[in-house]
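Here is how the chains run, residue by residue.
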Amino acid sequence: MELPGLRLPDPRGRHAKAAGQVDRRQPGRLQEGRPFFWLNAFSSPWTPWEKIVLKFLDAKDDPQRLKVVYNTLLGQLWEDRGDLEDEDTMLARREDYGTRPDGTPVELPDGVLVLTCGVDTQDNRLEYEVVGHGKYGETWGVVKGYIMGRPDTPEVWQRLDDVVDHVYKFKNGRGLKISITCVDSGGHFTQEVYEACRARVGKRVFAIKGKGGDGIPFVSPPSKVPIRDNKRITCWLYTIGVDAGKATIMANLKVQEPGPKYCHFNRHPDAGYDLNFFNGLLSEKLVLTHTRRGDRWAWEKLPGHNRNEALDCRDYANAGLKIINPDMDAIERRLQGLEEKPKAPQQRRQRQRHNRADAFDDW
């Protein structure tokens, strides 16, 4: 609503400005001697202060809800990753996943139940990250890597097969395989990505298309798209709401204690979690932009952060988990059952035939 010379914050939070800041997008109002201001809800005679305080306390541990409080009640702009740690702090937060009795590094710490892989497509390479997922949104960075070469050459996709087919091991020797791989189909090699994913659908390698914008769901049902305009040869394509995924990543990176939503990263030098990775992971922030259709929130690169592939790969890997939507409790019970199962001779023969007890894939 408007008061003489004053305007309260937009209840939708789209135009919220710092309290008391002049709205310079209405110069005509200033020329008429009627400046407009954004004020917080404490100035409203119809909103009790107790209600504002309770809403803030109720939302303070949830960045998405806290953003709404800042925009609609406090009349302040919200920068979604303003309190994130810097790259050096994230480097120091990495963990040693341990070593197996044979001297090889542990790839999967206890707590990992499902593996997914996100792949970003560039003109001269594929970038990928394998992410382990546990209960309550806890994640473990397993490996971040590059596959150099043009995506229209078969050698590049064969090397991706090595990543997808690999059995990632716990300390006890048990292992997991990747349950789903999401490959970005944007860029100059869309048809090649479609062909490669169609050929690997049995490995649950799917093409995805990122779509930005507020309100777009993180994952939408897949559609069939023709390959090279041949309607008889199609590929499954998932549309990913990348903005929603990035907001979740940034919120989870703020969690400081291992447990729900906490992000673990592997310290081993071959795992790929170096300064370049964290520079890319922390490469964007959420800003309010002004367009002809109104103000909207959008993700923009930060100065000094030239690459964002690490952020995209993590976004796609998280989308894979959303797509398969696994029952984590059931997977945990089955993994524990494999561990406790007695090793009778007949069971050992069956395990050798099917190779399912040592390489578990629940999807």
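Above this text sits the structure in question.
These numbers were taken from a predicted model, which means no experiment stands behind them.

Trainee: Would you explain the sheet that holds strand E11 (residues 230-241) in this entry?
Mentor: By definition, the strands of a sheet pair up through backbone hydrogen bonds, in either a parallel or an antiparallel sense. Taken together, eight strands build an open sheet; the order of strands is E10-E11-E9-E8-E3-E4-E5-E12 and the sheet is mixed. The outermost strands of the open sheet, each flanked by one partner alone, are strand E10 (223-227) and strand E12 (263-265). Taking the axes of each pair of neighbouring strands and ignoring which way they run, one obtains an average angle of 35° across the sheet. This element, helix H7 (residues 242-253), spans strand E9 (205-211), E11 and E12 of the sheet and lies at about 40° to E11. Those strands touched by helix H9 (residues 309-324) are strand E3 (114-122), strand E4 (125-133), strand E5 (139-148), strand E8 (178-184), E9, E11 and E12, and its axis lies near 135° from that of E3.

Trainee: Hey, could you run me through the packing of aromatic side chains in this one?
Mentor: The way to describe two aromatic rings as a pair is by their centre distance and the angle between their planes. Under the definition given, this model contains seven aromatic pairs. Where Phe277 meets Phe278, the ring centres are 5.0 Å apart and the plane angle is 80°; that geometry is what we call edge-to-face. The buried category is assigned to Phe277, whose relative accessible area is 3%. Aromatic ring contacts, followed pair by pair, group Phe265, Tyr273, Phe277 and Phe278 into a single cluster. Over the ring of Tyr146 we find Lys144, and its NZ or CZ is 4.4 Å from the ring centre.

Trainee: Can you help me understand the pattern of salt bridges in this one?
Mentor: When the charged atoms of two side chains with opposite charge come close together, those side chains can pair. Applying the stated criterion across every chain yields a total of 16 salt bridges. Here Glu127 ties to Arg125 by a salt bridge, and the two come within 2.9 Å at their closest N and O atoms. Taken individually, Glu127 and Arg125 each receive the classification buried, so the pair is uniform in this respect. Notably, a salt bridge pairs Glu284 with Lys246, separated by 2.9 Å at the nearest N-O pair. With Glu284 in strand E13 (residues 284-291) and Lys246 in helix H7, this residue pair connects regions lying 38 residues apart in the sequence. The same class applies to Glu284 as to Lys246, namely buried.

Trainee: What exactly am I supposed to notice about H7 here?
Mentor: Since the α-helix packs 3.6 residues into each turn, any two residues three or four apart lie on the same face. The terminal C-alpha atoms of H7 lie 16 Å apart, and with 12 residues this matches the ideal 16 Å at 1.5 Å per residue to within 8%. Counting buried positions over the 12 residues of H7 gives 10, a clear majority of the element. When we look at burial in H7, the residues that qualify are Val242, Asp243, Gly245, Lys246, Ala247, Ile249, Met250, Ala251, Asn252 and Leu253.

Trainee: Quick question: what am I supposed to make of unusual backbone geometry here?
Mentor: A positive phi angle, close to 65°, is found at Asp229, a residue other than glycine. Note on placement: Asp229 falls in the loop between E10 and E11. Overall, Asp229 belongs to the exposed group, its relative accessible area being 74%.

Trainee: Hey, could you run me through the side chain of Glu138 in this one?
Mentor: Here Glu138 lies in the loop between E4 and E5. Glu138 has contacts with Gly132, His133, Pro258, Gly259, Lys261, Tyr262 and His264, leaving out every residue within four places of it along the chain.

Trainee: Hey, could you run me through the nonpolar core in this one?
Mentor: Generally speaking, soluble globular proteins have nonpolar side chains that are buried together. Within the largest apolar cluster, 51 residues are counted, with the highest numbers of intra-cluster contacts made by Leu108, Leu115, Tyr128, Val130, Leu160 and Tyr168. At five residues, helix H5 (residues 154-165) tops the list of elements feeding residues into this core. Not counting chain neighbours up to four residues away, the residues in contact with Leu108 comprise Leu115, Val142, Tyr168, Lys169, Phe170, Lys171 and Leu176. One finds Leu281, Trp297, Trp299 and Ala310 within the second-largest nonpolar core, a separate group that totals 20 residues.

What counts and what doesn't
- Residues numbered from 1 in each chain as written.
- Predicted model: local features only at pLDDT ≥ 70, side-chain atom pairs only at ≥ 80, totals over all residues.
- Heavy atoms only, no water.
- Pairing = 2+ DSSP bridges.
- Helix = DSSP H or I, 4+ residues; strand = E, 2+ residues; numbered from the N terminus.
- Axes fitted to C-alpha atoms, helices over the stretch in contact; angles between N-to-C directions.
- Contact = heavy atoms within 4.5 Å.
- Phe/Tyr/Trp six-rings, centres within 6.5 Å; stacked < 30°, edge-to-face > 60°.
- Buried < 20%, exposed > 50% of the residue type's maximum accessible area, 1.4 Å probe, protein only.
- Lys NZ or Arg CZ within 6 Å of the ring centre and 35° of its normal.
- Salt bridge = Lys/Arg side-chain N within 4 Å of Asp/Glu carboxyl O.
- Expected span 1.5 Å × (residues − 1).
- Core = buried A, V, L, I, M, F, W, Y, C linked by side-chain atoms within 4.5 Å.

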